[in-house]
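So the chains spell out like this:
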Amino acid sequence: MGFSGRKTLSFFLIFVLVYLYGASSQEAGPAGPRKPFFERLRRLEEQFRRFQEATLTHLQGVASNHNVSWNVDVRFRSLAEESQAVALALNRSQAAVQGDLAHLRAWMRKIERRSRKADSRLQALDLALSKKSELRARERKGQKDALRDVLARLSHLVHSQGARLAALEGRLLVANLGTAAPSPAQPERLGPSSLKLQRGRQALRATPEPSSAPQDSAAQPQGTRGPPASGGHQASDGATAALRDPPRPAWTPQRPGERCSGGPVLVFPNASTENVVSLSPGFLTALRALSFCSWVRTASGHLGTLLSYATEDNDNKLVLHGRDSLKPGSIHFVIGDPAFRELPLQLLLDGQWHHVCVLWTSTQGRYWLHVDRRLVATGSHFREGYEIPPGGSLVLGQEQDRVAGGFDSSEAFVGSMSGLAIWDRVLVPGEVTSLATGRELPTGAILTLANATRVGGFVQRADCTCLELCP
């Protein structure tokens, strides 16, 4: 009943004791009149009833206060449960926000890494442009010096011829002294010196101007020689013919009795980041020369990534991708990022099959690009003396931002590949022609599509008797 009930009971007992003591003292007093016993008992009962009513009222008040305190406890418990639920929801929201922040930080790191790559590539491009400008300036200076020497020799020749002409005129004046001066209508007397002067002028006009073509050529080949071939074949003739001849179809049906370029065909249907083909075991030894050849048909407005080779210290050791190219249809040929060359592959954007060969050697850093048997780009001093290290990850269709990962859908290749092969040497033009005409594969290939150990995502593998029959 609580502390209030005990207090009321104690008060009631004290009241009863006081009342009994007063009653007994009245009976014992000699002076007062004695009241009847029943009247006093009635009064005592009436007082006890009133006290009982008061006690009951007080007990009811205590009970109501107890109900109020119990309701307060229940309210406090409900408030505590609600606060726990709010704290739990707050913790979940905080965890979700932290996850979003971590994802955002990862994207920021990736964007910073790509911006650093872009900056390094721009620096490499600026360095290459400055080297080309210096080379052109030296070539112009050499041309000016050579032209100055030719002009000096011609001036000396003209002066000597003028002196001889003056001597001849003096002799003629002495021989014809006293006669009339020669008429201007007699040019035969001045014939020998005039003839020599005319020959000097013709020699000046016929002096060839030295070529000012740069060492590297991409969109407009300048006839630079290709890799040495048996029989003294020069790649410059092929480059000149490529500029003169009209474009021919990339793939023509084979005549009866000839074999089509068979083998597996890899179809990359969309730009999913899961559409990746891994080649294993990769490069087992360091490469100082490289030949990459493949039949390619693209289905989008840009080329995407054909090949990506990444190691732990550099995720762009060897890359052929077209996302960051400045011109549509061009592709970046990267060896040891940030060094790269931009190669023209606009012919590949027509949705037809084309044969592509990219060749490179560390000797003088020379490289060549063949499309459909024709040399369309060549250059030198690209990663001269460099070695592509072994032990990395080699994939097709995506560009790696880390070893075997970090893929981006905007860098994906959408289209088909067939007949892909890689050599650790530079193919000669006859071997490139054999590949582009569907003949046998040159010996020594270190990797082909038979080394495709993982075909991921939606990539499909098909076998076609002829490429024009492939889906």
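Details of the structure are given in the entry above.
Per chain, the residues get numbers from 1 upward, laid out in the order the sequence is written. The model is predicted, so local features are restricted to residues of pLDDT at least 70 and side-chain atom pairs to those at 80 or more, both for listing and for counting; the totals for chains, interfaces and linings are taken over all residues. Side-chain metrics rest on all non-hydrogen atoms present in the structure, leaving aside hydrogens and water.

A.B. asks: Outline the overall build of the protein, supporting the account with residue identities and numerical values.
C.D. replies: Helices and strands together make up the secondary structure of the protein, namely five helices and 15 strands. Looking at the protein as a whole, 35% of its 471 residues qualify as buried. Excluding contacts between residues fewer than 6 apart, the proportion of contacts in the protein whose partners are at least 24 apart in sequence is 70%. As displayed, the protein offers around 28100 Å² of accessible surface, 59% of which is attributable to carbon and sulfur atoms. In this description a helix means any DSSP run of H or I spanning at least four residues, a strand means any run of E spanning at least two, and both kinds are numbered starting from the N terminus. Summary of the burial criterion: residues with accessible area below 20% of their type's maximum are buried, those above 50% are exposed, and those between are partly exposed, where the area comes from a 1.4 Å probe applied to protein chains only. Two residues qualify as a contact provided that any one of their heavy atoms is within 4.5 Å of a heavy atom in the partner residue. Here the accessible surface of atoms and residues is derived via Shrake-Rupley with a 1.4 Å probe, and residues count as covered only by protein chains that are part of the display.

A.B. asks: Just give me the short version of the packing of aromatic side chains, but keep the residues and values in it.
C.D. replies: Note on aromatic pairs: each is described by the distance of the centres and the angle between the planes. A pair of aromatic rings is counted whenever rings of Phe, Tyr or Trp (Trp by its six-membered ring) have centres within 6.5 Å, and the orientation is called stacked for planes under 30 degrees apart, edge-to-face for over 60 and tilted otherwise. Across all of its chains, the model carries five aromatic pairs by this definition. Measuring from centroid to centroid gives 4.6 Å for Phe-283 and Tyr-309, while their planes differ by 50 degrees, and the two rings are tilted. Linking Phe-283 in the loop between strand S2 (277–279) and strand S3 (289–298) with Tyr-309 in strand S4 (residues 305–310), this pair joins segments that are 26 residues apart in sequence. A ring is scored as having a charge over it whenever the NZ atom of a lysine or the CZ atom of an arginine sits within 6 Å of its centre and within 35 degrees of its normal. Its end group placed over the ring of Tyr-386, Arg-383 keeps NZ or CZ at 4.5 Å from the ring centre.

A.B. asks: I'd love a proper account of the pairing of S4, names of residues and values included.
C.D. replies: In terms of burial, S4 is a largely internal element, six of the six residues being buried. Relative to strand S11 (residues 393–396), S4 runs antiparallel, the two sharing four bridges. By the bridge assignment, Ala-310 is partnered in S11 with Ser-393. Strands are labelled as partners when DSSP assigns at least two bridges between them.

A.B. asks: Please set out the nonpolar core residue by residue, giving values where relevant.
C.D. replies: Within the largest apolar cluster, 43 residues are counted, with the highest numbers of intra-cluster contacts made by Phe-333 and Leu-396. If near-sequence neighbours (up to four positions away) are discounted, Leu-396 is found in contact with Leu-266, Phe-268, Asn-275, Val-276, Val-277, Leu-279, Leu-306, Leu-307, Met-417, Leu-420 and Leu-449. Within the second largest apolar cluster, twelve residues are counted, among which are Ala-289, Ala-421, Leu-427 and Leu-435. Residues belong to a common nonpolar core when they are buried Ala, Val, Leu, Ile, Met, Phe, Trp, Tyr or Cys residues joined through side-chain atoms within 4.5 Å.

A.B. asks: Describe the state of the cysteines, with residues and values.
C.D. replies: For this text, the term disulfide refers to a pair of cysteine sulfurs within 2.5 Å. Going through the model one piece at a time under the given rule, you end up with one disulfide. Each sulfur in the disulfide pair Cys-293 and Cys-357 lies 2.0 Å from the other. With the S-S dihedral at roughly 120 degrees, the linkage between Cys-293 and Cys-357 falls on the right-handed side. A residue pair is termed long-range when its members are at least 10 positions apart, and Cys-293 in strand S3 and Cys-357 in strand S8 (residues 354–361) qualify at 64 residues. Here Cys-357 falls in the buried class, since its relative accessible area comes to 0%.

A.B. asks: Help me get a handle on the pattern of salt bridges, residues and values and all.
C.D. replies: Here a salt bridge means any side-chain nitrogen of Lys or Arg lying within 4 Å of a carboxyl oxygen belonging to Asp or Glu. The tally for this structure, following the rule as stated, stands at nine salt bridges. Across the pair Glu-431 and Arg-425 runs a salt bridge whose closest N-O atoms are separated by 3.0 Å. With a relative accessible area of 19%, Glu-431 lands in the buried category. In this structure Arg-425 comes out as partly exposed when scored by relative accessible area, which is 26%. Ionic contacts of the salt-bridge type, sharing partners, join the residues Arg-114, Lys-117, Asp-315, Asp-401 and Asp-408 into one network.

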